[in-house]
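Structural description and commentary
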Amino acid sequence: MNAPEKAFAMTSWRKVGSVEDIPQLGARVVKSEHGDIALFRNADDEVFALLDKCPHKGGPLSQGIVFGRHVACPLHNWSIGLADGQAVAPDVGCAQRFETKVENGFVLLKM
Amino acid sequence: MQKLKLVMVGNGMAGVRTLEELLKIAPDLYDITVFGAEPYANYNRILLSPVLAGEMTLKDIMLNDVEWYAANNIVLHLGRKIVKIDRRARKVIAADGTEAEYDRLLLATGSNPFMLPVPGTKFDGVITYRDIADTNAMIEAAANFKHAVVIGGGLLGLEAANGLALRGMHVTVVHLMEWLMERQLDRTAAGMLQRSLEAKGLRFLLNTQTTEIVGGGQDGKVGRVKGVKFKDGSEVATDLVVMAVGIRPNTELAEMAGIHCNRGIVVNDTMQTFDPKIYAVGECVAHRGIAYGLVAPLFEMGKVCANHLANFGIGRYEGSILSTKLKVTGIDLFSAGDFTGGAGAEEIIMHDAMGGIYKKLVIKDNRIVGGVMYGDTVDGSWYLQLLRDKQDVHDIRDHLMFGQSHLGNSGHQGQSKAAAMSDQMEVCGCNGVCKGVIVKAIKEKGLFTVDDVRKHTKASSSCGSCTGLVEQILASTVGGAYQPAQSKNKPVCACTDHTHEETRRMIREHKLLSVPEVMKFMEWRTPNGCATCRPALNYYLISTWPHEAKDDPQSRFINERAHANIQKDGTYSVVPRMWGGSTTAAELRRIADVVDKYKIPTVKVTGGQRMDLLGVKKEDLPGVWRDLGMPSGHAYAKALRTVKTCVGSEWCRFGVQDSTQMGIDLEKDLWRMYAPHKVKLAVSGCPRNCAESGIKDVGVIGVESGWEIYIAGNGGIKTEVAQFLCKVTSREEVLEHAGAFLQLYREEARYLDRTVHYVARAGIDYVKQRIVEDAAGRKALYGRLRFALKDAPDPWQERAQGVAKHEFEALTV
């Protein structure tokens, strides 16, 4: 029924900048039609993307402290997994996750 | 890689706790096999008494069920007793022939109850009190018989007697000594306890030695017990005899294997036995000549042992201070440390015989060394904490007896009796957690520490003022298994076992200059720490090695990284500095223009005598700062915030000193100073103290002849009145004393300690000695502060000129 709509909303890989644009153990905000997306880079130069909204009270995850493969929300210190968006137990919740890949030093975001 | 094999013999609380700790820190190091002689998984032995008393069921006291072992890939052999350790082949052999090889062996064989060597112990109905089988035997006896004798008036004996009485038996407690629980109580408290138990229907025979147990039987068959005979010739008829006269470490297996034992399996401070492949924990060990029979020390051992099994090699078990609570409903009793005193000890006693309250604290060299409490034990954990921390109680001595709530520390006045609270009563106001939720979490999740409770329920995780109450609830729910957190040797966070003090010392002694360097040198368990340790490390680095250590913005909390104060909606607030609360028409005009230009929704006057511009978008921050042209107020930072002033002698008809100018001078002297936590000052121009100097980190009050300096006040969660430091006459002296004290705090406090916490720990006398008496030391401290602040930049000016641009600009797709 809604196949045409689906096709229309098909996702694609979009270039958002270079890995170097993101500070190590830090994040940048990407403005998009889905809202703000937080783009993280950890110590191993892995890049992750989550909707910039903590599942707890909507805090901007991009502003948190990044460690290992987690980020601590700046508002109430929930730990959110960068790879899966899941809150660390005993907290429960999930931030929307976006796929990323790095090609020739550039970060691509699937959306 | 092939995993190492760890075999544990004994499946009790100490051993399983060790495994839990091990799995937490090194989940993949070992293949684990456990042998337990009892047919049950791990249960909370301490709570057998409530089971006997009918207040709990066996199901309630299970700590780890069989599924837990399976979920953690632990091979569990229940009901299989290990009879031999073959140390040469490194394997253990069970009675049924089951064998298991080990690379490391953990002995947690516990202890055996002691049977008096008197004739007649073979009769039916003569039992000890140790495990589920004993408990069931007692419950069964209570259902079929009428009379019981409990031999032994110690903790266990009284709990057994109480349980049997509750199940309808007529119970006589026989005790060899002059008073009950003589190892935990003095004569007065024991007397009060005895009277309460007598009121519950128990009968006592003190000073009474058992000589024989008599029983029936015929044709060579052993029959049921009939009575107990005593040394004075008297006799009591009974259908059940419970021996609770003590325990002996179970060393049989270790001794057979030739492992050195001396009233316990002898271990060193890492819980290693004389065979380096074999560790031991729990009631079976003798550590520094002591075998412990209470659970709290066993947990401490477990933690240390796990650390060494995980090859971390940090942490030593250095012995425990024992504390006891009797688990008899309706009787509150607490005992800790050395309550008999001895030479040089003083006693503080409070005794209300009618009200049934008795408290005794034993103090030596201004430190609590022991205590006994009866009737009102709410503050037991607090006293125990003071005892463990060896805290100087000189200053609080006059109200020590009235407890922590009297000091205003348990937060919720008048609600300190945790046990009396109903389940619906709120404990943590910040997170809206009531007692029932906490108790449920403790029971269902098997929580033992305040930290665990905090994690699972959020109670006391925000302002922390209800920590005392949470501790009490924990203590009353888990009984003797509770031990207050070690506030002295607390690790920085779960990433390390090192304390704040050790970390600071290493940074200083080894001249470590960056966060990764510290983590590498001190063997952090995580690759780049967490949101707790990284900001602490960064602060320790920049405060220890100013101008040399690398300040890491990614290890700073967002406010200090962005230099503005994050708000609940993700916008920021900006608070420009107004020196000593003074401003000008030009500044106000610029503020007004900025508010218009950037459409800032809220402008508010703060408590620190300046203005808060709230709701600024992050990308607007550099522009706002540029247009304001005012320096950073650091209203977001662990740093000098404001110096609040009254108008002083310039205008005020009462003023005797120029407090406004003094405030401006102090603020210009100290701004840009990072500290373990925020720092607030105030200067008043006369003793009317309109600037509220009495609740500031440093408060200055002008008097006719000079300035009085007060320190370590706090107007936050818990109001703390600042303490008098000294009186000085000149402006220069005020700057030097205030600066030197803050530098001392910067150098010695733990990250996130306010001055009040630091001074409480270090002692006001120590601070006076360093700042007031030692003039050369004071000048050196002040000199170090001046050096640290020399050429420190104004972060706003830098950013207005384009520093750290990426922080404020978004990317686009």
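Here's a quick rundown of the structure. Sequence order as written defines the numbering, with residues in each chain counted from 1. Following the order in which they are written, the chains are lettered starting with A and the ligands numbered starting with 1. Predicted model: local features are reported for residues with pLDDT of at least 70 only, side-chain atom pairs are reported and counted for 80 or more only, and whole-chain, interface and lining totals are derived from all residues.

1. Observations concerning the overall build of chain A
Put simply, the rule reads: Put simply, DSSP marks the helices as runs of H or I at least four residues long and the strands as runs of E at least two long, and each gets a number from the N terminus on. As a rule, residues whose C-beta atom has 12 or fewer other C-beta atoms within 10 Å are exposed, those with 20 or more are buried, and those in between are partly exposed; C-beta atoms are placed from the backbone. Any pair of residues counts as being in contact when their C-beta atoms, constructed from backbone geometry, are within 7 Å of one another.
Within chain A one finds 1 helix and 10 strands. Reading the helices (α) and strands (β) of chain A from amino to carboxyl end gives α-β-β-β-β-β-β-β-β-β-β. Taken over 111 residues, chain A has a buried fraction of 41%. Residue pairs in contact within chain A that sit at least 24 positions apart in sequence constitute 40% of those at least 6 positions apart.

2. A look at the pairing of strand 1 (residues 4-9) of chain B
Successive residues of a regular strand alternate their side chains across the two faces of the sheet. All names here are of chain B. The criterion, for reference: We treat two strands as partners when DSSP finds at least two bridges between them. The handedness of a crossover follows from its direction of travel: if, with the strands pointing away from the viewer, the path from the first strand over the helix to the second runs clockwise, the crossover is right-handed.
Where strand 1 meets strand 2 (residues 30-36), 6 bridges bridge the pair, whose relative direction is parallel. Considered in strand 2, the bridge of V7 is made with T33. In this fold, the crossover linking strand 1 to strand 2 by way of helix 1 (residues 13-25) has right-handed handedness. Relative to strand 9 (residues 104-107), strand 1 runs parallel, the two sharing 4 bridges. For L6, the partnering residue across the bridge sits in strand 9 and is R104.

3. Here's the deal with the sheet that holds strand 8 (residues 97-98) of chain A
Judged by pairing direction, the sheet is mixed, and its 5 strands sit side by side in the order 8(A)-4(A)-3(A)-2(A)-39(B) without closing on themselves. Only two strands of the sheet have a single partner each, and these edge strands are strand 8 of chain A together with strand 39 (811-812) of chain B. Both strand 3 (residues 35-41) of chain A and strand 4 (residues 47-51) of chain A contribute to a ladder of 5 bridges, which runs antiparallel. Within strand 4 of chain A, the position partnered with A38 of chain A by the bridge is L50 of chain A.

4. Some words on the interface of chain B and chain A
Selection rule: Under the scheme applied here, ten amino acids are nonpolar (Ala, Val, Leu, Ile, Met, Phe, Trp, Tyr, Cys and Pro), four are charged (Asp, Glu, Lys and Arg), and all others, including Gly, are polar.
The interface is formed by 20 residues belonging to chain B together with 29 residues belonging to chain A. Among the secondary structure elements, those contributing two or more residues to the side of chain B that touches chain A are helix 11 (450-457) and strand 39 of chain B. Of the residues assigned to the side of chain B that touches chain A, the class counts are 9 nonpolar, 8 polar and 3 charged. For strand 2 (residues 26-32) of chain A and strand 39 of chain B, the ladder comprises 2 bridges, and the chain directions are parallel. Of the residues in strand 39 of chain B, the one forming a bridge with K31 of chain A is T812 of chain B.

5. Notes on the environment of E523 of chain B
For E523 of chain B, the position within the fold is in the loop between helix 14 (515-521) and helix 15 (533-544). As for E523 of chain B and C495 of chain B, which are separated by 28 residues in sequence, their C-alpha atoms are 9.3 Å apart.

6. Some words on the packing of helix 19 (residues 659-670) of chain B against helix 20 (residues 731-748) of chain B
All names here are of chain B. The test is simple: Helix axes are fitted only over the stretch in contact, all axes being lines through C-alpha atoms; the angle between N-to-C directions runs from 0 to 180 degrees. Roughly parallel means an angle under 35 degrees; roughly antiparallel, over 145; roughly perpendicular, 65 to 115; everything else is oblique. Definitions for this section: a left-handed crossing has its near helix turned counterclockwise from the far helix by less than a right angle. A right-handed crossing has that turn clockwise.
The contact between helix 19 and helix 20 brings their axes to 10 Å, and the two run at 40°. Taken together, the axis directions place helix 19 and helix 20 in an arrangement best described as oblique. Regarding helix 19 and helix 20, the two cross each other, and that crossing is right-handed. In this structure, helix 19 contributes M662, D665, L666, D669 and L670 to the contact, and helix 20 contributes R731, V734, L735, A738, G739 and L742. Its residues placed into classes, the contact of helix 19 with helix 20 shows 7 nonpolar, 1 polar and 3 charged.

7. Thoughts on the environment of P90 of chain A
You can see P90 of chain A is positioned in the loop between strand 7 (79-81) and strand 8. The class of P90 of chain A is exposed, set by 12 C-beta atoms lying within 10 Å. Placed 12 residues apart in sequence, P90 of chain A and W78 of chain A show a C-alpha to C-alpha distance of 9.8 Å. Once you skip the residues sitting within four places of it in the chain, P90 of chain A turns out to touch K455 and H456 of chain B.

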